[in-house]
Amino acid sequence: MYLCAFVLLALMAASAYSSIILPRLVPDLEGRAVGGEDTTIDKYPYQVSVRMLGSHICGGSIYKSRVVVTAAHCIYSFLGASSFSIQYGVTKVAGSTNAEVLIVDRNVCNRQYAGVNEITDDMLCAAVENGGKDACQGDSGDPLVANGELVGIVSWDVGCARTDYSGVYRNVANLLMKFVWEPVVKERFAG
């Protein structure tokens, strides 16, 4: 198991979008990881707020220049790409927390979710032994970071911070392999 810190930063401070006149269709979230500790955005400069019509809907991470990753369900909308924006660089954040969790063996996680959902290679799980720390509703898309590297994206779970269910994350290594490296290799060597 690797000790990881997942960063849950709901960006609810006055923002660069204060000039948008559109009504808030999505309410601001409390933005606190269950069992997390206070933190600041300068400790996690890759964290962003994914916004729809100016309101925070999910977290995300700067992966590289001009590439932000988030959970797929965060950007599923019939409103179109122009309805989404990214907010970054905010240094005053209300209710920002991070929590350290451990990566859970896939077999253990599959036993936890037996009868609920299968944990595939595209997923990984993280938790603490007795519960009490976890991502929760509104944290989708936030990063799971180990040794300064993005390893997962908050996806789903049953409840929040429960002892009997780990949090489920999108496995970033598999994501990159399937949607970035494999297509590049196929394109270069297709003939």
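This section reports on the structure supplied with the text. Each chain has its residues counted from 1, following the order in which its sequence is written. Totals for whole chains, interfaces and linings use all residues, but because this is a predicted model, local features are given only for residues with pLDDT of at least 70 and pairs of side-chain atoms are given and counted only at 80 or more. Only hydrogens and water are set aside when side-chain values are computed; all heavy atoms of the structure are taken into account.

### Regarding the sheet that holds strand β3 (residues 47-52)
For sheets, the rule is that strands pair by backbone hydrogen bonds, running either parallel or antiparallel.
Right, so step 1: Sheet architecture is open: four strands sit in the order β5-β4-β3-β6, paired in antiparallel fashion. Unpaired on one side and paired on the other, β5 (67-69) and β6 (84-87) mark the two borders of the sheet. With direction set aside, neighbouring strand axes in the sheet form an average angle of 40 degrees.
Right, so step 2: Following DSSP output, two strands are said to pair if at least two bridges run between them. Here a strand is any run of E in DSSP of at least two residues, a helix any run of H or I of at least four, and the numbering for each starts at the N terminus. Relative to β6, β3 is paired through four bridges, and the arrangement is antiparallel. Across the sheet, Arg51 pairs through a bridge with Ser85, a residue of β6. Lines are fitted to the C-alpha atoms to define the axes, a helix being fitted only along its stretch in contact, and any angle between axes, read from their N-to-C directions, falls within 0 to 180 degrees.

### Describing the state of the cysteines
Right, so step 1: Throughout, a disulfide means two cysteine sulfur atoms within 2.5 Å of one another. The full count for this structure, using the stated rule, is three disulfides.
Right, so step 2: Disulfide pairing is shown between Cys109 and Cys125; the S-S distance is 1.9 Å. Judged by the sign of its S-S torsion, about -75 degrees, the cystine formed by Cys109 and Cys125 is left-handed. Of this pair, Cys109 sits in helix α1 (residues 106-112) while Cys125 sits in strand β8 (residues 123-127), and the two are 16 residues apart along the sequence.
Right, so step 3: Owing to a relative accessible area of 0%, Cys109 belongs among the buried residues under this scheme.
Right, so step 4: Linked covalently through their sulfurs, Cys136 and Cys160 form a disulfide whose S-S length is 1.7 Å. Disulfide Cys136-Cys160: the torsion about the S-S bond is 75 degrees, which places it as right-handed. One end of the pair, Cys136, is in the loop between β8 and β9 (143-146); the other, Cys160, is in the loop between β10 (149-156) and β11 (167-171), with 24 residues separating them in the sequence.
Right, so step 5: We call a residue buried when its accessible area falls under 20% of the maximum for its residue type, exposed when it is over 50%, and partly exposed in between, using a 1.4 Å probe and counting protein chains only. You can call Cys160 partly exposed: its relative accessible area is 21%.

### Brief notes about the pattern of salt bridges
Right, so step 1: Here, a salt bridge means any Lys or Arg side-chain nitrogen found within 4 Å of an Asp or Glu carboxyl oxygen. Scanning the model with the defined rule gives four salt bridges in all.
Right, so step 2: With its nearest N and O atoms 2.8 Å apart, the salt bridge here joins Lys178 to Asp122. Of this pair, Lys178 sits in helix α2 (residues 172-189) while Asp122 sits in the loop between α1 and β8, placing them 56 residues apart in sequence.
Right, so step 3: Residue Asp122 is classed as buried on the basis of its relative accessible area, which comes to 19%.
Right, so step 4: Where Arg162 meets Asp164, a salt bridge forms, and the shortest distance between an N and an O atom there is 2.7 Å.
Right, so step 5: Taken together, the salt bridges that share partners define one network made up of Asp122, Arg170 and Lys178.

### Brief notes about the nonpolar core
Right, so step 1: In this description, a nonpolar core means a group of buried Ala, Val, Leu, Ile, Met, Phe, Trp, Tyr and Cys residues linked to one another through side-chain atoms lying within 4.5 Å. Counting 11 residues, the largest nonpolar core is built from Val50, Met52, Ile57, Cys58, Val69, Ala71, Cys74, Leu150, Ile153, Val172 and Leu176.
Right, so step 2: Sorting the residues of this core by element identifies β3, β4 (55-64), β10 and α2 as the ones contributing at least two each.
Right, so step 3: Contacts between residues were defined by any pair of non-hydrogen atoms, one from each residue, lying within 4.5 Å. Apart from residues no more than four positions distant in its own chain, Ile153 is found in contact with Val69, Thr70, Ala71, Gly141, Asp142, Val168, Tyr169, Arg170, Val172 and Leu175.

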